[in-house]
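One letter stands for each residue in the lines below.
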Protein chains: 2
Amino acid sequence: MFLDEVFAKKDEFLNKEITVHGWIRNHRAQKEFGFLDFSDGTTMEHLQIVYDKDTADFSHLQSLRVGSSIQVTGVLVKSEGKGQDVELKAKEVQLLGDCPEDYPLQPKKHTREFLRTIGYLRPRANLFQAVFRVRSVAAQAIHEYFQSHGYVYFHAPLITASDCEGAGEMFQVTTLPIEELKGKVDYKKDFFGKRTSLTVSGQLQAETFATAFSKVYTFGPTFRAENSNTKTHASEFWMIEPEIAFCDLEGLMDIEEEMLKFVVSYVLEHCPKEMEFFDKFVEKGLLDKLHKLIDSKFTRVTHEEVITILKNSKEKFEYTPEYGEDIQKEHEKYITEYFQGPVFITDWPKDIKAFYMKQNEDGKTVRAVDLEVPGAGELMGGSQREEDMDKLICRMDELHMDKEELDWYINLRKYGTCVHSGFGMGFERLLIYLTGVENIRDVIPYPRVPGSCEF
Amino acid sequence: MFLDEVFAKKDEFLNKEITVHGWIRNHRAQKEFGFLDFSDGTTMEHLQIVYDKDTADFSHLQSLRVGSSIQVTGVLVKSEGKGQDVELKAKEVQLLGDCPEDYPLQPKKHTREFLRTIGYLRPRANLFQAVFRVRSVAAQAIHEYFQSHGYVYFHAPLITASDCEGAGEMFQVTTLPIEELKGKVDYKKDFFGKRTSLTVSGQLQAETFATAFSKVYTFGPTFRAENSNTKTHASEFWMIEPEIAFCDLEGLMDIEEEMLKFVVSYVLEHCPKEMEFFDKFVEKGLLDKLHKLIDSKFTRVTHEEVITILKNSKEKFEYTPEYGEDIQKEHEKYITEYFQGPVFITDWPKDIKAFYMKQNEDGKTVRAVDLEVPGAGELMGGSQREEDMDKLICRMDELHMDKEELDWYINLRKYGTCVHSGFGMGFERLLIYLTGVENIRDVIPYPRVPGSCEF
């Protein structure tokens, strides 16, 4: 039996004999008895196993080592110890898989840097038990939000022949024998008969599905061959990209706010022990921060208003805020503090935003929105899309883009075009916010970053 | 308002005024009135819109074209027409986005081959409305099954430096300027400092998580650079790979059977209109086939027993069945007919199976299992994994494998090893079975196959 079942039905199993399998996380062997800190990883909570001279093979049990896998048969009893209400009084403990003394994951404090070097063992450590369960539950929260609102889950293609968004930052995908190439490459001989790369976004394809199903979302991996070694960059990460037809920017912000609150509430409800762990050991005040988010009303201001607020502030910024320019991390921080909560910043200068964003009548700004969240920075980025074919083509020409390659995308504006909007959220950025864990390498099972592709 | 809400609350909206947005799927304009077949893609069911001379701008409405997007305000009324119980009596119809006469998706029969050439429009066709909604709902069914049973959803890495399973059939991933290489490749200069490829399976990494969380599953893309142009091969597809600690082959088969029945039931319950559509227009008898699966008890036989049955049959096979050899499609078909339902075939000859499968004591077979389903062939493949380090190493040596590259995988057997098992299911293979659609190109939004990487 797995521990999730034992704990879920502990009243039912109380004073009954059960058999469990799992690993020894810690062991305190004393003269007359011993305690095993035992877990199978199905719950954050461990089970304490007590054995004594009545337990079969007592002297052998005393030598059991941390990391070993065991099978235990015993009676579930009320515990008088601190920190648990039940424990297992062992009748028989059977060693299934021994673990040598040099097991790298001994029960003591390890640095996260060290744990990254034993990436295949670190999910057994408490911190990563919590992180990767929250990762799993948050993923489910996202699916439940969109599925219960009638969205179609769309699997965007990962191998792509288009590079409109990621020029210079894409991984090439090939089956050509690159060791044998002599400076001349015939892409007709490559697997797909053309040059292909890994996608940086499924948005453009998602738009084609939004004009068929109205409400769609992607949730899948994306790739960025950016050579930056920061705490928030990974080369392979998961993105959520919803796209909604007949929805303008105001409607989009409603959805972003509702979805984020749903996901945070869902994780708090389904992972109480994990979230307590983070609050206690990773980010003090985490639970407060998250509850505050759920209760807050997100502010909506334009980029221009933000710049005015920044300019009027007495704050000394490293970068002077300017109309028509991007805003910096220090500005984001000031603004969320100014409004005491999450802020939607809308209507950005068009020159710093993507070609597909809907142009405002002022000729200078686009209907883009970034969501700034206290303690997380920019958590989502979205926009209303340009649904006017002439304006879209004009903008693509200004940016010297290849229109032929994207004829299908342009054609969506020809065949029954409609107002539509969408946003993107980096899943790992959400997890960093939810867990308080700061480095993206610690919220991805096997992170891929420049110079490192281990396991 | 979206149509899913209108239909879900049609009693509430009856005789009330509502406003909807969507596309004209068909138009019958008559002298005194007209009918618009209208959909926003949120339901398989369309809404009939009736307009007449009382509707604003009547004469203009008569010229509305198929594919155009419109906004309609009107009163939801009981319909006297066949095939629907409500319709919308239009007060005002506003053209949002026109659609030219040469719109490729006219309301007539198109071949699936033609629809593939307009992949960005085909999700608007009835068949693909049904296929991609079922794809979405089936994905959710899989998540709900595993999440409700306490599994951790594990995102396996897609870029990998290991090629133990896919030698020769992997896509290379690189940022090297391959046009400029002169026959000598220094992988230290590649993005990750080594040669990397796209994964063919997340199983080995999933095993590391199973020895931490006991119950885990992957659900993500995998890649195969196999140059085969068949109806069932794609170069990019989605796989589900559960992995369970303290679970032997019998337990694994229990899970496979329970999961498959759950997913089929879930899709039947959540997509009744779509499934009726497939039963009527794509595969006659589909619903019967699926209900039969849910009610059946899956048979369990060994590979050896299967060969004996095949040999004793009076059937004339193209390939003679032999002990110690693989079985062919014709054999699979015979066996599922013989047992009148799904069949688990276990204990396969070790030489035709992977290195990590648990070796039986006979020295000839491994604890592998393939699930053969009537009308689908092999739907899942799994095994108990070799948990004995010496036996695993011995097998790897026999196969001349690089043990250093997989030291972490081997080490799972060193640090508290345990009996564990897992299986893989190709998501598209499941969809082909669920929908009756035969070609894998028609169940993937944007299929990638040899020589083709469009959109």
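Quick note: structure is the one above.
Residues numbered from 1 in each chain as written. Chains lettered and ligands numbered in written order. Predicted model: local features only at pLDDT ≥ 70, side-chain atom pairs only at ≥ 80, totals over all residues. Heavy atoms only, no water.

**Q** Looking at this model, I keep getting lost on the pairing of strand β12 (residues 299-302) of chain B. Mind explaining?
**A** Regular strands place side chains that alternate from one sheet face to the opposite one. Residue and element names in this part refer to chain B. Residues Thr299 and Val301 of β12 are buried on one face, while the alternating residues Arg300 and Thr302, pointing to the opposite face, are not. The pairing of β12 with strand β13 (residues 343-349) spans four bridges and is parallel. The residue bridging Arg300 from the neighbouring strand is Phe344, located in β13. (Buried < 20%, exposed > 50% of the residue type's maximum accessible area, 1.4 Å probe, protein only. Helix = DSSP H or I, 4+ residues; strand = E, 2+ residues; numbered from the N terminus. Pairing = 2+ DSSP bridges.)

**Q** Honestly, the packing of helix α5 (residues 126-148) of chain A against helix α5 (residues 126-148) of chain B in this entry has me stumped. Any pointers?
**A** Each pair of packed helices can be summarised by the angle the axes make with each other and by the distance between the axes. Relative orientation of the contacting elements α5 of chain A and α5 of chain B amounts to 140°, with a least axis distance of 11 Å. Of the possible angle classes, the one that applies to α5 of chain A and α5 of chain B is oblique. For the pair α5 of chain A and α5 of chain B, the sense of crossing is left-handed. Counting all contacts with α5 of chain A, which are made through Ser136, Val137, Gln140, His143, Glu144 and Gln147 of chain A, the residues of α5 of chain B involved are Ser136, Val137, Gln140, His143, Glu144 and Gln147 of chain B. A class-by-class count of the residues in the contact of α5 of chain A with α5 of chain B yields two nonpolar, eight polar and two charged. (Axes fitted to C-alpha atoms, helices over the stretch in contact; angles between N-to-C directions. Parallel < 35°, antiparallel > 145°, perpendicular 65-115°, else oblique. Left-handed = near helix turned anticlockwise from the far one by under 90°. Contact = heavy atoms within 4.5 Å. Nonpolar A, V, L, I, M, F, W, Y, C, P; charged D, E, K, R; others polar.)

**Q** I tried to follow the nonpolar core on my own but got confused; where do I start?
**A** For soluble globular proteins, the rule of thumb is that nonpolar side chains tend to be buried together. Ranked by size, the top nonpolar core spans 226 residues in total, and within it Leu260, Phe278 and Phe427 of chain A together with Leu260, Phe278 and Phe427 of chain B carry the most contacts. Residue contacts for Leu260 of chain B: discarding those within four places in its chain leaves Leu293, Phe298, Leu371, Val373, Leu379, Met380 and Leu430 of chain B. (Core = buried A, V, L, I, M, F, W, Y, C linked by side-chain atoms within 4.5 Å.)

**Q** Whenever I open this one, the interface of chain A and chain B confuses me. Can you help?
**A** A common way to state how big an interface is: give the accessible area lost once the parts meet. Of the residues lining the interface, 113 residues belong to chain A; the matching set on chain B comes to 113 residues. Regarding the contact of chain A and chain B, the summed buried area is about 8,900 Å², with carbon and sulfur atoms giving 63% of it. Counting every contact that joins chain A to chain B gives six salt bridges. The closest approach of N and O atoms between Lys194 of chain A and Glu454 of chain B, which form a salt bridge, is 3.1 Å. Between the two partners, chain A and chain B, sit 43 residue pairs in polar contact (both at pLDDT 80 or more). Take the side of chain A that touches chain B: its biggest share by element is 12 residues, from α5 of chain A. Grouping the constituent residues of the side of chain A that touches chain B by class yields 57 nonpolar, 35 polar and 21 charged. Taken together, the three bridges between strand β8 (residues 172-174) of chain A and strand β8 (residues 172-174) of chain B define a ladder with antiparallel strand orientation. Bridged to Val173 of chain A within β8 of chain B is Val173 of chain B. (Buried area = accessible area lost by both parts, 1.4 Å probe. Salt bridge = Lys/Arg side-chain N within 4 Å of Asp/Glu carboxyl O. Polar contact = N/O pair within 3.5 Å; in protein donor to acceptor, adjacent residues only side chain to side chain.)

**Q** Any chance you could explain a negative patch on the surface here in plain terms?
**A** All names here are of chain A. Taken together, the side chains of Asp163, Asp402, Glu404 and Asp407 present a region of like negative charge at the surface. Tracing the chain through its elements places Glu404 in the loop between α12 (389-398) and α13 (407-411). The class for Glu404 is exposed, based on a relative accessible area of 68%. (Patch = residues over 30% accessible without salt bridge, like charges linked within 9 Å, V, L, I, M, F, W, Y side chains within 5 Å. Areas by Shrake-Rupley, 256 points an atom, 1.4 Å probe, with all protein chains shown as cover. Lys, Arg positive; Asp, Glu negative; His and termini not counted. Charge placed at Lys NZ, Arg CZ, Asp CG, Glu CD.)

**Q** Help me understand the relation of the copies chain A and chain B, please; the structure alone is not making it clear to me.
**A** Put simply, the two copies of the chain differ by a rotation about an axis and a shift along that axis. Once chain A is rotated about the relating axis by 180° and shifted along it by 0.0 Å, it coincides with chain B to within an RMSD of 0.0 Å. Both copies are brought into coincidence by an operation consistent with a two-fold rotation axis. A high fraction, 100%, of the interface residues of chain A reappear at the interface in chain B, so the copies pair face to face through one surface. (Least-squares fit on C-alpha atoms with pLDDT ≥ 70 in both.)

**Q** How should I be thinking about the pairing of strand β5 (residues 86-97) of chain B in this particular structure?
**A** Residue and element names in this part refer to chain B. Where strand β3 (residues 47-52) lies against β5, three bridges are found, and the strand directions are parallel. The residue bridging Val50 from the neighbouring strand is Lys89, located in β5. Relative to β5, strand β4 (residues 69-78) runs antiparallel, the two being bridged by 10 bridges. Each bridged residue has a counterpart across the sheet, and for Leu76 the counterpart in β5 is Leu88.

**Q** How do you make sense of the environment of Tyr334 of chain A when you look at a structure like this?
**A** All names here are of chain A. With respect to the helices and strands, Tyr334 occurs in helix α11 (residues 329-338). Under the relative-accessibility criterion, Tyr334 is labelled buried at 18%. Along the backbone, Tyr334 and Gly81 are 253 residues apart, and their C-alpha atoms lie at a distance of 48 Å.

**Q** Would you take a moment to explain the pattern of salt bridges for this structure?
**A** Between side chains of opposite charge, a pair can form as their charged atoms come close. Residue and element names in this part refer to chain A. Considering all chains together, one arrives at 67 salt bridges over all chains under this definition. Across the pair Arg413 and Glu207 runs a salt bridge, and its minimum N-O distance is 2.8 Å. Of this pair, Arg413 sits in the loop between α13 and β16 (420-426) while Glu207 is found in helix α6 (residues 203-213), placing the two residues 206 residues apart along the sequence.

**Q** What am I meant to see in helix α8 (residues 272-281) of chain A here?
**A** Three- or four-residue spacings in an α-helix give side chains the same orientation, since the helix completes a turn every 3.6 residues. All names here are of chain A. Where α8 is concerned, the buried positions are Glu274, Met275, Phe277 and Phe278. The buried residues of α8 occupy an angular sector of 155° when the element is viewed end-on, so they sit on one face. In the core, the buried residues of α8 are packed alongside α5, α7 (249-270), α9 (286-295) and α14 (427-435). (Arc of directions from axis to C-beta.)

**Q** Which parts of the structure should I look at to understand the packing of aromatic side chains?
**A** Aromatic ring pairs are defined here through the distance separating the ring centres and the angle between the ring planes. Overall, the coordinates contain 69 aromatic pairs over all chains when judged by the stated rule. An angle of 10° between the planes, with centres 5.6 Å apart, marks the rings of Phe171 of chain A and Phe192 of chain B as stacked. Of this pair, Phe171 of chain A sits in the loop between β7 (159-160) and β8 while Phe192 of chain B is found in the loop between β8 and β9 (196-198), placing the two residues in two different chains. Positioned over the ring face of Tyr409 of chain A is Arg413 of chain A, at 4.2 Å from the centre of the ring. Stacked on the ring of Trp348 of chain B, the Lys or Arg Lys353 of chain B has its end atom at 4.4 Å from the ring centre. (Phe/Tyr/Trp six-rings, centres within 6.5 Å; stacked < 30°, edge-to-face > 60°. Lys NZ or Arg CZ within 6 Å of the ring centre and 35° of its normal.)

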